[in-house]
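A closer look at the structure
What follows is each chain in one-letter form.
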Protein chains: 2
Amino acid sequence: MTTPRRLLVRCLFEASGHRTAEELAAEIQARAPDISISTVYRNLEELERLGVVVHSHLGHGPATYHLATAAHGHLVCRKCEIQVEIADGFFADLRRRAIADFGFAIDPRHFAVIGLCATCQAAADDLGDFTAG
Amino acid sequence: MTTPRRLLVRCLFEASGHRTAEELAAEIQARAPDISISTVYRNLEELERLGVVVHSHLGHGPATYHLATAAHGHLVCRKCEIQVEIADGFFADLRRRAIADFGFAIDPRHFAVIGLCATCQAAADDLGDFTAG
DNA sequence: TTAAATGCAAAGAATTTGCATAACA
DNA sequence: TGTTATGCAAATTCTTTGCATTTAA
């Protein structure tokens, strides 16, 4: 148990949101300025190997990390990038089918489900009307 | 209509699998060696803007590109990385719920659904038995 | 002949790695 | 005291960008 590791774990427990490695590094560096981001990556990797932490991909940017106990799925708008957290129940049917048809045990939280939020759909429709007219 | 663009479109139509920008560039360069990969990226971007091509993320590596007409979802094993193509019907329930509860029109093909294939689940179980015993 | 597309090289973002030093047990 | 972790810098991977030159309509 080293200082960087202790601070990282503390950060992860204190706030439960998803944060990128860079954001976590910034929080840690506020307390211990010369902890390097490679140490953060290495510790996240180790914590993930131990099953304490998971990471997920919510878009094209950097991965986000959080406690495994706080994992959940996401809908992300491809246009405005708004994120919605969704309950595992949303994936019940998909999970059942994946097992039944392919023997796959899915982790539907690793990658977000991308789409268009209601607002951006409306905007796209308006644009459609405009360009058509 | 320039030579690089023509060759890229031909490549995309000839074989229907998903290929990375690098793979597409290699195919193109077999015919016209000094077409650069940045041109491939630029044309893919343009074709995507026009709705002819889509890209998806099947794992942590490079994105894969294919004709929009050939789009489909994927299950990918996080361990052995085997890929299974799945029909849109798999996502019908998720799609319905996303619209009903959040107004989201999802594109469940952009990011793969990650998980463990049957073989890797079995391997994990064996390991579990072993380490437990 | 003029706007658009290209090639090259360099920049960028996110992550990983090599290696000498430092910290833990 | 010996393994494990760290900091730093450099390397990697994937993708984008700047800019001078070429190509196509």
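A few points on the structure.

Thresholds applied
- Residues numbered from 1 in each chain as written.
- Chains lettered and ligands numbered in written order.
- Predicted model: local features only at pLDDT ≥ 70, side-chain atom pairs only at ≥ 80, totals over all residues.
- Heavy atoms only, no water.
- Pairing = 2+ DSSP bridges.
- Helix = DSSP H or I, 4+ residues; strand = E, 2+ residues; numbered from the N terminus.
- Axes fitted to C-alpha atoms, helices over the stretch in contact; angles between N-to-C directions.
- Buried < 20%, exposed > 50% of the residue type's maximum accessible area, 1.4 Å probe, protein only.
- Left-handed = near helix turned anticlockwise from the far one by under 90°.
- Contact = heavy atoms within 4.5 Å.
- Nonpolar A, V, L, I, M, F, W, Y, C, P; charged D, E, K, R; others polar.
- Buried area = accessible area lost by both parts, 1.4 Å probe.
- Salt bridge = Lys/Arg side-chain N within 4 Å of Asp/Glu carboxyl O.

1. Observations concerning the sheet that holds strand E5 (residues 83–86) of chain B
- With mixed pairing, 4 strands are arranged side by side in an open sheet as E6(A)-E7(B)-E4(B)-E5(B). Both edges of this open sheet fall to strand E6 (105–107) of chain A together with E5 of chain B, since each of them pairs with a single strand only. Direction aside, the axes of adjacent strands within the sheet are offset by 35° on average.
- Pairing of strand E4 (residues 73–77) of chain B with strand E7 (residues 113–116) of chain B involves 3 bridges; the strand directions are parallel. Across the sheet, B:Val76 pairs through a bridge with B:Ile114, a residue of E7(B).

2. Some words on the pairing of E5(B)
- The alternating pattern of E5(B) places B:Val84 and B:Ile86 on a buried face and B:Gln83 and B:Glu85 on a face that is not buried.
- The turn joining E4(B) and E5(B), which pair antiparallel and follow one another in sequence, is formed by 5 residues; a positive phi near 65° is taken by B:Glu81.

3. Remarks on the packing of helix H1 (residues 3–14) of chain B against helix H2 (residues 21–31) of chain B
All names here are of chain B.
- At their nearest, the axes of H1 and H2 sit 10 Å apart, and the two run at 115° to each other. Relative to H2, H1 is oriented so that their crossing is right-handed. Facing H1, whose interface residues are Leu7, Leu8, Arg10, Cys11, Leu12 and Glu14, H2 presents Leu24, Glu27, Ile28 and Arg31.
- Among the residues making up the contact of H1 with H2, the classes are represented as 6 nonpolar, no polar and 4 charged.

4. Quick word on the interface of chain A and chain B
- At the interface, 37 residues of chain A touch 38 residues of chain B.
- Here chain A meets chain B over a buried area of about 3000 Å², counting both sides, of which 71% is carbon and sulfur.
- Sorting the residues of chain A by area buried against chain B places A:Phe90, A:Phe104 and A:Phe111 first, and these three jointly supply 25% of that buried surface.
- Counting every contact that joins chain A to chain B gives 2 salt bridges.
- B:Arg78 is paired through a salt bridge with A:Asp107; the nearest N and O atoms lie 2.7 Å apart.
- Of all the secondary structure elements, the ones that give two or more residues to the side of chain A that touches chain B are strand E4 (73–77), strand E5 (83–86), helix H4 (92–102), E6, strand E7 (113–116) and helix H5 (118–132) of chain A.
- Tallying contributions element by element places H4(A) first for the side of chain A that touches chain B, with 7 residues.
- In the sheet, E7(A) pairs with strand E6 (residues 105–107) of chain B via 3 bridges, with the strands oriented antiparallel. Residue A:Ile114 lies in a different strand from E6(B), and its bridge partner there is B:Asp107.

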